[in-house]
Amino acid sequence: MPVADKEILYQAITLIAVVLIFDLLERSRPGHPVDRRKDLGLNVLAIIVVIVAGEAWQWLILSAFRTADLIGSVTAGPIGIPGVVKIFLGLVIADFSLYWVHRGMHWNSLLWRTHVFHHSIEHLWWLSGSRTSIMHLLLFALPQMLIAYVLLRLSPQEAGIAFSIGVLVNIWIHTNLWVDLGPLEWLFITPNYHRVHHGGRGLVRTNLGFIFTVWDRMFGTYTDPRSIERNLALGFVPTRNRLIRMIVGF
């Protein structure tokens, strides 16, 4: 099976399983009052864009890597460390890299255009968290694929697992759950933590990480979610009159 097909299979299975689990949890014990019907059509459109454009970007980036002879055969030549370790290293390096990409989106007006669609969310739950522009997808996919295929030379199976974990993480942090991980919250990002980032302009430049809280703590962008009111108002960017541009990311 080709590399891209294996990745799609792993990610599709992960997406279906995670959605079923988190949807059940959200319905049984929602963390916040949410109107799932509000913007439902927009949220469905957004996840279709994510799936189609995300796979297209991955195919184009891999094709570019092969044309530039950056990876050769991704099934050969893995660096001499166990796959589990490579996947863990990939997640750490990718989270660090995406922290800085995400931070750039909030500090640079041009990059902000690629990210503004994501901050139009007023009711945050697993489906609404898929609002991501096409250009945003590119800016996130490129460093992840460089790390996976050029730096760490993951096999198709390893890459599929790593990207599937990424799918899980993205849904997890946008899920409408109130979660207490105890001491683990010092290290791992929860929905409570990321929800702060979707608040008003005073908070939008904080809590920029996706898996680990350490980057926010190290680089001065940390806000303790326990210091913010639980029912924080979200969605300070309206979509009216510019929806198409926001979806594209220009």
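Residues numbered from 1 in each chain as written. Predicted model: local features only at pLDDT ≥ 70, side-chain atom pairs only at ≥ 80, totals over all residues. Heavy atoms only, no water.

Undergrad: Can you explain the packing of aromatic side chains? Please cite residues and give values.
TA: In total, this model carries twelve aromatic pairs according to the counting rule given. The interplanar angle of 75 degrees and the centroid separation of 6.4 Å between the aromatic rings of Phe-96 and Trp-100 together place this pair among those described as edge-to-face. Linking Phe-96 with Trp-100, this pair stays in helix α3 (residues 83–107), spanning four residues, or about one helical turn. On the accessibility criterion, Phe-96 (32% relative accessible area) is partly exposed. Residue classification places Trp-100 among the partly exposed residues on the basis of a relative accessible area of 35%. Both rings, one in Trp-100 and one in Phe-219, keep their centres 4.9 Å apart while their planes meet at 65 degrees; by these two values the pair is edge-to-face. Here Trp-100 is found in helix α3, whereas its partner Phe-219 is found in the loop between α8 (214–218) and α9 (243–248), with 119 residues between them in sequence. Counting every residue linked through ring pairs, the aromatic cluster contains Phe-96, Tyr-99, Trp-100, Trp-215 and Phe-219. If you follow Arg-205 out to its NZ or CZ, it ends over the ring of Trp-107, 4.5 Å from the centre. Against the face of Tyr-222 rests Arg-217, its NZ or CZ located 4.2 Å from the ring centre. (Phe/Tyr/Trp six-rings, centres within 6.5 Å; stacked < 30°, edge-to-face > 60°. Helix = DSSP H or I, 4+ residues; strand = E, 2+ residues; numbered from the N terminus. Buried < 20%, exposed > 50% of the residue type's maximum accessible area, 1.4 Å probe, protein only. Lys NZ or Arg CZ within 6 Å of the ring centre and 35° of its normal.)

Undergrad: Which residues make up the packing of α3 against helix α6 (residues 156–173), and what values go with them?
TA: Geometrically, a packed helix pair is captured by the angle between its two axes and the distance between the axes. Closest axis-to-axis distance for the α3/α6 pair is 10 Å, and the angle between their directions is 40 degrees. When the interaxial angle is binned, α3 and α6 end up oblique. Crossing handedness for the pair α3 and α6: right-handed. Packed against α3, whose contacting residues are Gly-83, Lys-86, Ile-87 and Leu-91, the element α6 presents Glu-158, Ile-161, Ala-162 and Ile-165 at the interface. For the contact of α3 with α6, the residue count by class is five nonpolar, one polar and two charged. (Axes fitted to C-alpha atoms, helices over the stretch in contact; angles between N-to-C directions. Parallel < 35°, antiparallel > 145°, perpendicular 65-115°, else oblique. Left-handed = near helix turned anticlockwise from the far one by under 90°. Contact = heavy atoms within 4.5 Å. Nonpolar A, V, L, I, M, F, W, Y, C, P; charged D, E, K, R; others polar.)

Undergrad: Which residues make up empty space enclosed by the protein, and what are the values?
TA: In the structure shown here, the tally under the stated rule is two cavities of 30 Å³ or more. Its boundaries defined by the atoms lining it, the largest cavity holds a volume of some 60 Å³. Taken together, Trp-178, Asn-192, Arg-195, Val-196, Pro-225, Ile-228, Glu-229, Arg-230 and Leu-232 make up the full set of residues lining the largest cavity. Taken together, the residues that form the lining of the largest cavity break down as five nonpolar, one polar and three charged. Taken as a whole, the second largest cavity spans an internal volume of roughly 30 Å³. Lining the second largest cavity are Lys-38, Asp-39, Asn-43, Glu-122, His-123, Trp-125, Ser-128 and Arg-131. Looking at the lining of the second largest cavity, its residues break down into one nonpolar, three polar and four charged. (1 Å grid on protein atoms, 1.4 Å probe; cavity = no way out; pocket = protein on both sides within 12 Å on 5 of 7 lines; lining within 4 Å. Points joined across faces, edges and corners; volume = space filled by probe spheres on them.)

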